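Commentary on secondary and tertiary structure
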Amino acid sequence: PTAIVIGAGLGGLLAAAHLSKKGYQVDVYERLALIGGRFMNIEYQGYQLSTGALHMLPHGNSGPLANMLFALGADVTVIPSIPMATVRIPKNVNDTDYTNGFMDIPHVEFKKHLKAKNKLMMILLTFGYKARLIRPKNEKFKTWYSQYIQDDRIDRCADSFAGWALSTTADEVSTEEMFAIFDNVYKYGGPGIVVGGCQSIIDELVRIIRENGGNVHAKKEVTKIIVNDGKAAGVAIGNDEIYADLIVSDIGHAETWEICDPEMATLPGYDVYMEKLKSIEPSAGLKICFAIDEPMITHGGVLLTPYTRRINGMNEVTNADPNLAPPGKHLVMAHQRTALDRLDKIEEEIDLGLADLKDLFPGKTPEILMIQVHHGKWPVNRAFSGQDFGNKTLISNLFIVGDGAKGQGGIEVEGIALGVENAMKDIAD
Ligand code: FAD
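Criteria and thresholds
- Along each chain, the written sequence defines residue order, and numbers are assigned to residues from 1.
- With the structure being a predicted model, the display of local features is reserved for residues of pLDDT at least 70 and the display and counting of side-chain atom pairs for 80 or more, all residues being used for whole-chain, interface and lining totals.
- The side-chain numbers reported here are obtained from all heavy atoms of the structure, hydrogens and water having been left aside.
- By salt bridge we mean one thing: a side-chain nitrogen of Lys or Arg within 4 Å of a carboxyl oxygen of Asp or Glu.
- Relative accessibility thresholds used throughout: buried, under 20% of the residue-type maximum; exposed, over 50%; partly exposed, between the two (1.4 Å probe, protein chains only).
- Source of the domain bounds: an automatic or database domain assignment.
- Two cysteine sulfur atoms make up a disulfide if the distance between them is within 2.5 Å.
- Ring pairs shown here join Phe, Tyr and Trp side chains whose ring centres sit within 6.5 Å, with only the six-membered ring taken for Trp; geometry is labelled stacked below 30 degrees between planes, edge-to-face above 60, and tilted in between.
- Helix numbering and strand numbering both begin at the N terminus, where a helix is a DSSP run of H or I of at least 4 residues and a strand a DSSP run of E of at least 2.
- A helix is expected to reach a length of 1.5 Å times the quantity of its residues less one.
- As used here, the arc belongs to the directions running from the helix axis to the C-beta atoms.
- Any residue with an atom within 4 Å of a point lines the site, the site being either a cavity, points on a 1 Å grid over the protein atoms alone where a 1.4 Å probe fits but cannot get out, or a pocket, an open set with protein on both sides within 12 Å along at least 5 of 7 lines.
- Grid points are joined across faces, edges and corners, and a volume is the space filled by probe spheres set on the points.
- Think of it as three bins: nonpolar holds Ala, Val, Leu, Ile, Met, Phe, Trp, Tyr, Cys and Pro, charged holds Asp, Glu, Lys and Arg, and polar takes everything else, Gly as well.
- The cutoff for a nearby residue is simple: one of its non-hydrogen atoms must lie within 4 Å of the molecule or strand.
- Pairing of N or O atoms within 3.5 Å defines a polar contact, subject to two protein rules: one partner must be a possible hydrogen donor and the other a possible acceptor, and residues neighboring in sequence count only if both atoms are side-chain atoms.
- Residue-level accessible areas treat just the shown protein chains as cover; the underlying method is Shrake-Rupley with a 1.4 Å probe.
- Between any two strands, pairing holds if DSSP finds at least two bridges.
- Fitted lines through C-alpha atoms serve as axes, helices being fitted only where they are in contact, and the angles separating the N-to-C directions of these axes extend from 0 to 180 degrees.
- Whether two residues touch is decided by their heavy atoms; if any such pair falls within 4.5 Å, the residues are in contact.
- Definition used in this section: a nonpolar core is a set of buried Ala, Val, Leu, Ile, Met, Phe, Trp, Tyr and Cys residues joined via side-chain atoms within 4.5 Å.

**A short note on the pattern of salt bridges**
Inspection of every chain in the model, using the stated rule, returns 21 salt bridges. We note a salt bridge from Arg-342 to Glu-348, for which the minimum N-O separation is 3.0 Å. By relative accessible area, which is 22% here, Arg-342 ends up partly exposed. For Asp-388, the salt bridge goes to Lys-406, with nearest N and O atoms at 3.7 Å.

This is the structure:
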């Protein structure tokens with residue numbers, strides 16, 4: 001059998017590696033000159049920056065992505081982050097910013113720093129949800145817990161975690177999705193940094209695809225998906241038409257639909273599918289990469305920063321892999337969720353992030369290496385977490401993978417791996 005994969009991002013390459021191992025003749029077509037999408041390294045003055053991801057796998061070397069990579073035969077090393085995360089809180093309990101000093105506490109000690117009543121309530125709520133005694137009905141996470149707990153510290157930490165991990169607020173994610181995420185953290189563990197950065201995973205996937213007889217073509221934009229008699233027949237790339245038995249798209253439901261033959265509009269279920277498409281929105285974010293001469297975070301995990309204006313968290317990736325920076329230098333990547341209605345005021349958002357850095361590292365002068373804004377067709381996530389509605393389309397041999405079709409509770413690339421796993425099951429059926 002033959003398969004075409006549209007887009008050589010992580011999702012497309014994972015799917016292609018699986019299919020090529022299963023015996024499909026696979027061709028991956030990527031519109032850009034470079035392979036890897038939002039999971040590539042950008043080398044700048046000896047620093048390994050990236051087109052998107054912060055070189056971090058949310059569940060480290062025991063999560064869905066690492067397990068999938070190892071099963072495919074990829075030779076990648078993921079350094080576990082110990083501790084998983086620390087939280088920077090103001091020294092004075094009543095302060096709402098870092099100007100009077102701060103301390104970093106392990107995330108597991110977070111509850112200790114809450115009022116006794118709220119600590120108890122958090123435990124009861126978690127138990128109540130898990131034991132199915134309380135069932136929120138389509139309520140967003142913060143709206144839901146705020147009925148029971150009002151606590152500024154919990155609100156800030158929930159937003160900081162959601163902003164860092166999902167590029168949303170805690171009120172842009174459903175309670176169900178948030179608990180699925182927590183469950184996955186318990187099940188798979190905390191994050192890890194990929195040695196060599198994102199690029200090493202991409203390079204390994206390309207190697208596996210090629211060793212299995214597949215091809216990865218750069219500078220080949222798919223302009224149309226050809227549909228004949230309700231089946232995907234192939235794709236058009238400029239004036240060429242290429243035919244295949246199976247098509248997998250790594251560009252999300254909405255963009256796949258944009259290049260689909262208009263025949264799709266005559267297919268059963270079209271109206272329902274179009275309604276679902278309307279519910280999907282890409283999430284936006286801003287990343288600041290900076291260099292420092294001395295380590296500022298003492299570990300390779302996440303530093304959550306709930307008392308800033310904008311920055312949700314950061315990781316000092318060189319604490320796990322020193323080769324991500326030139327000798328003697330340290331590389332830190334800070335992330336801030338960006339509200340969609342602030343994209344037209346992005347300069348102000350950048351200034352707020354830079355002001356945060358001053359408060360977070362008083363007296364130090366980080367060297368700013370790169371500031372990136374991710375939105376629209378190069379977003380943080382092609383669908384807000386929990387909005388994904390699966391890998392299937394209206395066409396039985398056309399599937400979606402990537403961060404527009406993640407598995408439930410899957411943070412970022414872990415969700416992509418869970419989604420690819422689901423897609424492979426659907427394809428096998
Ligand atoms: P993409 O990488 O976007 O791949 C799609 C590819 O399709 C692209 O290369 C595109 O050029 C190509 N394409 C588009 N249209 C066509 C066409 N018509 N024909 C051919 N090719 C086409 N995740 C983590 O797990 N950990 C992190 O630390 C992390 N941090 C992040 C920080 C930021 C700032 C951002 C933006 C993202 C982060 N993510 C992180 C998320 C992660 O980077 C993405 O989820 C992942 O890289 C998306 O992969 P994908 O394959 O779904 O899509």
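**As for the domain arrangement of the protein chain**
On domain assignment, one finds that the protein chain holds domain 1 (2–39 + 57–75 + 198–278 + 389–428), domain 2 (116–185) and domain 3 (283–374). Put simply, the middle of domain 1 and the middle of domain 3, counted by C-alpha atoms, are 31 Å apart.

**With respect to the state of the cysteines**
All told, the structure shown has zero disulfides when counted by the stated rule. No disulfide involves Cys-289; its sulfur sits 11 Å from that of Cys-198, the nearest cysteine.

**Quick notes on the packing of aromatic side chains**
Inspection of the entire model under this criterion finds 15 aromatic pairs. Between Phe-141 and Tyr-145, the aromatic rings sit 5.2 Å apart at their centres with planes inclined by 70 degrees, giving edge-to-face as the arrangement. Pair noted here: Phe-141 and Tyr-145 are both in helix α4 (residues 141–146), with a separation of four residues, about one helical turn. A relative accessible area of 4% means that Tyr-145 is categorised as buried.

**A word on helix α10 (residues 346–360)**
The end-to-end C-alpha separation of α10 is 21 Å, in line with the 21 Å expected for 15 residues at 1.5 Å each. Residues of α10 that are buried include every one of Ile-346, Glu-349, Ile-350, Gly-353, Asp-356, Leu-357 and Leu-360, and no others. End-on view of α10: buried residues confined to an arc of 115 degrees, all on one side of the axis. Among the exposed residues of α10, those pointing more than 90 degrees away from its buried face are Glu-347 and Lys-358.

**Regarding the layout of surface pockets**
One number sums up the size of the second largest pocket: a volume of about 330 Å³. Ser-174, Glu-176, Glu-177, Gly-386 and Gln-408 are, among the 16 residues lining the second largest pocket, the residues nearest its centre. The element that contributes the greatest number of residues to the lining of the second largest pocket is helix α6 (residues 175–188), accounting for three residues. Per-class residue counts for the lining of the second largest pocket are two nonpolar, seven polar and seven charged. Both of domain 1 (2–39 + 57–75 + 198–278 + 389–428) and domain 2 (116–185) provide at least three residues apiece to the lining of the second largest pocket.

**Considering the site of the ligand**
The environment of the ligand is formed by 35 residues, the closest being Glu-30, Arg-38, Met-56, Asp-250 and Val-413. Within the side chain of Asp-250, a nitrogen or oxygen atom sits 2.7 Å from an oxygen atom of the ligand. In this structure, Glu-412 approaches the ligand through a side-chain N or O atom, which is 3.1 Å from a nitrogen atom. Its free accessible area being 1000 Å², the ligand has 96% of it covered by the protein chains.

**Side note on the sheet that holds strand β16 (residues 302–304)**
The seven strands lie next to each other as β8-β7-β16-β17-β18-β15-β19, forming an open sheet whose pairing is mixed. Pairing within the sheet leaves two strands with one partner each, and these edge strands are β8 (102–106) and β19 (367–374). Strand after strand, the sheet turns through a mean of 20 degrees between neighbouring axes, direction not considered. Note: strand β7 (residues 85–90) against β16, three bridges, orientation parallel. Looking across to β16, one finds that Thr-86 is bridged to Leu-303. Of the strands in this sheet, β7, β8, β15 (284–292), β17 (313–316), β18 (330–338) and β19 are in contact with α10, which crosses β15 at around 40 degrees.

**Some points on the nonpolar core**
In terms of nonpolar packing, the biggest core is built from 61 residues, with Phe-141, Phe-290, Met-314 and Leu-331 touching the most fellow members. In terms of residue count, helix α5 (residues 152–166) provides more of this core than any other element does, seven residues in total. Excluding residues that lie within four positions of it along the chain, Phe-141 makes contacts with Ala-158, Ala-170, Asp-171, Val-173, Ser-174, Thr-175, Met-178, Phe-179 and Phe-182. Listed in part, the 45 residues of the second largest apolar core include Tyr-24, Val-28, Ala-66 and Val-216.

**Side note on the pairing of strand β11 (residues 224–228)**
By the bridge criterion, five bridges tie β11 to strand β12 (residues 231–237) in an arrangement that is antiparallel. Residue Lys-224 lies in a different strand from β12, and its bridge partner there is Ala-236. The antiparallel hairpin formed by β11 and β12 contains two residues in its connecting segment, where Asp-229 sits at a positive phi of about 50 degrees.

**As for the sheet that holds β12**
Across the sheet, which stays open at both edges, the three strands sit in the order β11-β12-β13 with antiparallel pairing between neighbours. This sheet does not close on itself; its edge strands, each paired only once, are β11 and β13 (240–243). In this sheet, neighbouring strand axes are inclined to one another by 35 degrees on average, regardless of whether the strands run parallel or antiparallel.

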